[in-house]
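Residue-level structure breakdown
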Amino acid sequence: MEQVWYIELAWMIAKIIAVVIPLLIGVAYLTLAERRVIGFMQLRKGPNVVGPFGLLQPFADALKLMAKETILPAGADKTVFVIAPMLTFVLALVAWAVIPFGEGLVLADVNVGILYLFAISSLGVYGVIMAGWASNSKYAFLGALRSAAQMVSYEVSMGLVIINVLICVGSLNLSLIVEAQRDIWFALPLFPMFAVFFISTLAETNRAPFDLPEGESELVAGYFVEYSSMSFALFFLGEYANMILMSAMTVILFLGGWLPPIDLFPFNLIPGPIWFILKICLVLFVFLWVRATTPRYRYDQLMRLGWKIFLPFSLIYVVLTAGFLVATDRLPALGG
């Protein structure tokens, strides 16, 4: 009996490694892709020296960060200062436990997967607040306050958008949400909510045009201004891992997850996980595209968009979606 327990533990660890290692490699190459894409959009080449076509640039950056000295500010709360980037990075990884990569390919197929994801994304703000407060710097603290207000504001509208999807499916299970899109992806009937959700993910991950917590012109990089070496790298990795996570959530909720766009030859010959990865790459490209082409919002514009436009619009759309499903007798029984 004890031997069976060890085998199950080893199998679970192997599955976790099989998710985490490709994710970290994906994060590394997302940084390269961002610099290359923005470079091409600005009619320049981007990184192209380290290795063929610049493909070894992420490893050069990693070596540089590991070789640098870790500086702890004299007035900082050193314990909280060190824990903050670790918390941000760990939360960006543990959320992947419930993400289904294909039919049956998920670490934990729990029936409340969407609640788990929402809880983890809500906890992400703690790492930012801890970093800003523990740094003992006015710029870091202002950046942390901005980020906390921004993330909390847009989580409200994200929650209402997710409710639209849930009442169409009748389940909180992420695999069942994907299966419910076999006939039509939710991005089509719920297109306004799809747009609101994607814009909210930009604000949730502090990406342009909502990168106010890192405002270089006034806050000198914001809440991680005092960080260096691997502690800075953990924030950096956490931000990009969150980008991939939010892209995966967008794909699962609105773009059919691992399902092909058309269930016909030759689309149905491509494995589900490949479709899932391709869709995530497409959403990530839009992340980079938005950064290269949009100016930063003012803070009052950011808050007005979240509280005065997205929140009431999402709330009204919940009522409209529920009313349509009840009127057409399509409201699914909540289960799973």
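The following refers to the structure shown. (Residues numbered from 1 in each chain as written. Predicted model: local features only at pLDDT ≥ 70, side-chain atom pairs only at ≥ 80, totals over all residues. Heavy atoms only, no water.)

1. Observations regarding the overall build of the chain
Helix and strand content of the chain: 11 helices and 0 strands. For the chain, the α and β elements follow one another from N to C terminus as α-α-α-α-α-α-α-α-α-α-α. In terms of C-alpha radius of gyration, the chain reaches 21 Å, essentially the compact-globule figure of 20 Å for 336 residues. The principal-axis extent of the C-alpha atoms belonging to the chain is close to 65 × 55 × 50 Å. Within the chain, the fraction of its 336 residues that count as buried is 46%. Considering only residue pairs separated by 6 or more positions, the chain has 78% of its internal contacts joining residues 24 or more positions apart. (Helix = DSSP H or I, 4+ residues; strand = E, 2+ residues; numbered from the N terminus. Rg over C-alpha atoms; globule rule 2.2 N^0.38 Å. Buried < 20%, exposed > 50% of the residue type's maximum accessible area, 1.4 Å probe, protein only. Contact = heavy atoms within 4.5 Å.)

2. Looking at empty space enclosed by the protein
Under the criterion given, the structure shown has 1 cavity of 30 Å³ or more. If you add up the space inside the largest cavity, you get close to 250 Å³. As for the largest cavity, its lining consists of 18 residues, of which Thr88, Gly124, Met151, Glu204 and Asn242 are closest to the centre. Of all the secondary structure elements, the ones that give two or more residues to the lining of the largest cavity are helix 3 (78-94), helix 4 (113-134) and helix 9 (229-254). Counting residues per element, the lining of the largest cavity draws most heavily on helix 9, which supplies 6 residues. A breakdown of the residues in the lining of the largest cavity according to their chemical character gives 9 nonpolar, 7 polar and 2 charged. (1 Å grid on protein atoms, 1.4 Å probe; cavity = no way out; pocket = protein on both sides within 12 Å on 5 of 7 lines; lining within 4 Å. Points joined across faces, edges and corners; volume = space filled by probe spheres on them. Nonpolar A, V, L, I, M, F, W, Y, C, P; charged D, E, K, R; others polar.)

3. Points about the packing of helix 5 (residues 138-169) against helix 9
Remark: helix 5 packs on helix 9, axes separated minimally by 10 Å, with the N-to-C direction vectors making an angle of 30 degrees. Taken together, the axes of helix 5 and helix 9 lie roughly parallel to each other. Along the contact surface, helix 5 presents Met158, Val161, Ile162 and Val165, while helix 9 presents Met246, Met249, Leu253 and Phe254. The class makeup of the residues in the contact of helix 5 with helix 9 is 8 nonpolar, no polar and no charged. (Axes fitted to C-alpha atoms, helices over the stretch in contact; angles between N-to-C directions. Parallel < 35°, antiparallel > 145°, perpendicular 65-115°, else oblique.)

4. Notes on a nonpolar patch on the surface
A cluster of nonpolar side chains, namely Trp5, Tyr6, Leu9, Ile13, Ile17, Ile21 and Ile25, defines an oily patch on the protein surface of about 700 Å² accessible area. Relative to the helices and strands, Ile13 resides in helix 1 (residues 2-41). (Patch = residues over 30% accessible without salt bridge, like charges linked within 9 Å, V, L, I, M, F, W, Y side chains within 5 Å. Areas by Shrake-Rupley, 256 points an atom, 1.4 Å probe, with all protein chains shown as cover. Salt bridge = Lys/Arg side-chain N within 4 Å of Asp/Glu carboxyl O.)

5. Topic: the packing of aromatic side chains
Within this structure, the stated rule accounts for 17 aromatic pairs. With a centroid separation of 5.0 Å and an interplanar angle of 80 degrees, the aromatic rings of Tyr227 and Phe235 are classed as edge-to-face. We note that Tyr227, like Phe235, is buried. Taken together, the aromatic side chains of Phe81, Tyr223, Tyr227 and Phe235 make up a single cluster linked through ring pairs. (Phe/Tyr/Trp six-rings, centres within 6.5 Å; stacked < 30°, edge-to-face > 60°.)

6. Focus on the pattern of salt bridges
By the definition in use, this model includes 8 salt bridges. Between Glu34 and Arg207 there is a salt bridge, and its shortest N-O distance comes to 2.3 Å. You can see Glu34 sitting in helix 1 and its partner Arg207 sitting in the loop between helix 7 (191-204) and helix 8 (216-219), a full 173 residues away along the chain. Residue classification places Arg207 among the buried residues on the basis of a relative accessible area of 3%. Residue Glu34 is joined to Arg291 by a salt bridge in which the shortest nitrogen-to-oxygen separation is 2.7 Å. Here Glu34 is found in helix 1, whereas its partner Arg291 is found in helix 10 (residues 272-293), with 257 residues between them in sequence. A relative accessible area of 39% means that Arg291 is categorised as partly exposed.

7. Let's talk about the side chain of Gln57
Inspection of the secondary structure assignment puts Gln57 in helix 2 (residues 57-67). Residues in contact with Gln57, not counting those within four places in the same chain, are Leu32, Arg35, Pro47 and Val50.

Everything listed here is a matter of geometry and, on its own, says nothing about what the molecule does.
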